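Each chain, letter by letter, is given below.
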Amino acid sequence: MSPGNLVVMTENTSSTAEFPTAPEPAATVVEPATGPFARRRTSRATAALVVGALAIGALAGVGGAATYAALDDSTASAAAGPLQATNGSNTVSLPANWAEKVAAKVLPSVVKVNVSGQGGSGSGSGVILRPDGTILTNNHVVALAANGGTLSVTLNDGRTVPARIVGTDPVTDLAIIKAQGVSGLTPATLGKSSQLQVGEPVAAFGAPYGLNSTVTTGIVSALNRPVSVATPNSQTPQQQSPFGQLPQSQSQQQADPTTTYPAIQTDAAINPGNSGGPLVDSNGNVVGINSSIHTATNGGDGSVGLGFAIPMDEALPIINQILDGQKPTHARLAVGVSDSATGATGALVKSVEGGGAAEAAGLKAGDLITAINGQPVSDAETLISDIRGHRPGDKVTLTYQRDGQTRTATATLGSDAHSNAS
């Protein structure tokens, strides 16, 4: 990917001049982003992005533990049962007015999320999951409101109602919020991102730049695109505005890819304010949650046709854990990895945790992982992304090189339920 900025599409702030950009880290190869909550892609060797907006704990290696914020569990009830994804597949030949039909179906389920806190104010997007006002959005959208801020949602019918955070998962950049005093809302239909094909049409919904009920269309440009974000610890004193970039050393960037996922890439226009809104297929099924974009190198923060969404298949288990009042869990290979210093293709194993999945599979420090389940692993970021696309207990086949020989091993992925490390 050519140099540019990967920007979280969160908010349309009333003023950005008062939120200056902090100094760039030495490894950065892009121009500063001028918009708030900017995510910035660093050099490929660091396999991370730097964000000044997210309050996420620092993690190391593959599959680090989540920081779970259950600010109000009173609405996280398992009585309604877990959410399910539809099995519907897209039609081969689409009518000319497919986007019109999809818009009519999905718009009633899309909200604008308004947030303010000590660091400023802004807006993002969300999608209704249940008629009682249970809404899915990004963690970075609601982060400002997590510590004494205010949160509200503007519904498609124009009503603005207060909301509260039910739970968040910074590792996957997801959050569940609950609109207050509402009922009978229209929930979206959740689809299966695993059924997506490159080239098929999709539509993005949300409130870019605060413009409610906006629909844009495009295609699936790529699947399983590794997207990584390194973010400051939530306990870090905020001497700098959360709208600005925080400096970070190269070693920290390599160790802290806290939000890494195999993204859906789309050319549907996604802009600041679209974060948390749904990406839907041609049947109006939610297949992803819009989260970030790649911007031009001149510092602009608008769409250049490279948008990224969190796949619904990866999001749904986390959503149901939060709704059930649980701490979200993530798959762990239990290794520390980096890119190879020699430029070799693959993820270099720097350390192996005792008792973890990698040790049980026979991996050792110095091994170079080159494939997972037969799919090439180009670097550390790709491996992390692939592991994050799995669930605890999944079995994966690892191809690796040791002493010039190619070997394979089967690993049963562990869980970060009781771990704060990789």
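Just so you know, these numbers come straight off a predicted model, no measurement behind them.

Participant: I'd like a rundown of the nonpolar core, residues and numbers included.
Facilitator: Counting 33 residues, the largest nonpolar core has Leu136, Ile176, Phe205, Val286, Met312 and Ile319 as its most contacted members. Those elements that place two or more of their residues in this core are α1 (98–106), β9 (174–179), β11 (201–206), β13 (259–266), β15 (285–295), β16 (307–311) and α4 (312–323). The element contributing the most residues to this core is α4, with seven residues.

Participant: Kindly report on the sheet that holds β9, identifying the contributing residues and their values.
Facilitator: Read once around its circumference, the closed barrel built from six strands follows the order β4-β5-β6-β9-β8-β7, with strand pairing classed as antiparallel. Across the sheet, the axes of successive neighbouring strands diverge by a mean angle of 40°, strand direction being ignored.

Participant: Kindly report on the pairing of β15, identifying the contributing residues and their values.
Facilitator: In regular strands, side chains alternate between the two faces of the sheet. Counted residue by residue, β15 has eleven buried out of eleven residues, so it is predominantly covered. Pairing of strand β14 (residues 278–280) with β15 involves three bridges; the strand directions are antiparallel. Bridging across to β15, valine 280 finds its partner in valine 286. Hairpin connection of β14 to β15: four residues between the antiparallel strands, including glycine 284 at a positive phi of 80°. Sheet analysis places β15 next to β16, joined by five bridges and oriented antiparallel. Paired with isoleucine 289 across the strands is isoleucine 310, a residue of β16.

Participant: Hey, could you go over the pattern of salt bridges for me, with residue numbers and the actual values?
Facilitator: The full count for this structure, using the stated rule, is three salt bridges. With a shortest N-O distance of 2.8 Å, arginine 402 and aspartate 367 are connected by a salt bridge. Highlighted residues: arginine 402 in strand β22 (residues 395–402) and aspartate 367 in the loop between α5 (357–360) and β20 (368–372), separated in sequence by 35 residues. Assigned by exposure class, arginine 402 and aspartate 367 land together as buried.

Participant: Explain the pairing of strand β4 (residues 110–117) to me, using residue names and the numbers behind them.
Facilitator: Counted residue by residue, β4 has six buried out of eight residues, so it is predominantly covered. One ladder, built from eight bridges, connects β4 with strand β5 (residues 120–128); its direction is antiparallel. Bridging across to β5, asparagine 114 finds its partner in serine 123. In this structure, the hairpin formed by β4 and β5 is closed by a connection of two residues. By the bridge criterion, five bridges tie β4 to strand β7 (residues 150–154) in an arrangement that is antiparallel. Looking at β7, one finds that asparagine 114 is bridged to serine 152.

Participant: Go over α1, please, and point to the residues and values.
Facilitator: The set of residues buried in α1 consists of Trp98, Val102, Ala103 and Val106. The buried side chains of α1 occupy one side of the element, clustering within an arc of 130° when seen end-on. Exposed residues pointing more than 90 degrees away from the buried face of α1 are listed as Glu100, Lys101 and Ala104.

Participant: How would you summarise the side chain of threonine 216 if you had to cite specific residues and measurements?
Facilitator: The topology assignment puts threonine 216 in strand β12 (residues 214–229). On the basis of relative accessible area, threonine 216 is assigned to the buried category, the value being 18%. Separated by 2.7 Å, the side chain of threonine 216 and the backbone oxygen of alanine 269 make a polar contact. Discounting residues that sit within four places of it in the chain, threonine 216 has contacts with Val202, Ala203, Ala204, Ala268 and Ala269.

Participant: So what about α4? Which residues, and what values?
Facilitator: The end-to-end C-alpha distance of α4 is 15 Å, a good match for the 16 Å that twelve residues give at a rise of 1.5 Å each. With respect to burial, α4 is a largely interior element, nine of its twelve residues being buried. Looking only at α4, the buried set comprises Met312, Ala315, Leu316, Ile318, Ile319, Asn320, Gln321, Ile322 and Leu323. Against β6 (134–137), β8 (160–169), β9, β10 (189–190), β15 and β16 lie the buried residues of α4. Where α4 terminates, the next one or two residues include glycine 325, which has phi positive at roughly 75°.

Reading the values: the criteria
Residues numbered from 1 in each chain as written. Predicted model: local features only at pLDDT ≥ 70, side-chain atom pairs only at ≥ 80, totals over all residues. Heavy atoms only, no water. Core = buried A, V, L, I, M, F, W, Y, C linked by side-chain atoms within 4.5 Å. Buried < 20%, exposed > 50% of the residue type's maximum accessible area, 1.4 Å probe, protein only. Helix = DSSP H or I, 4+ residues; strand = E, 2+ residues; numbered from the N terminus. Pairing = 2+ DSSP bridges. Axes fitted to C-alpha atoms, helices over the stretch in contact; angles between N-to-C directions. Salt bridge = Lys/Arg side-chain N within 4 Å of Asp/Glu carboxyl O. Arc of directions from axis to C-beta. Polar contact = N/O pair within 3.5 Å; in protein donor to acceptor, adjacent residues only side chain to side chain. Contact = heavy atoms within 4.5 Å. Expected span 1.5 Å × (residues − 1).

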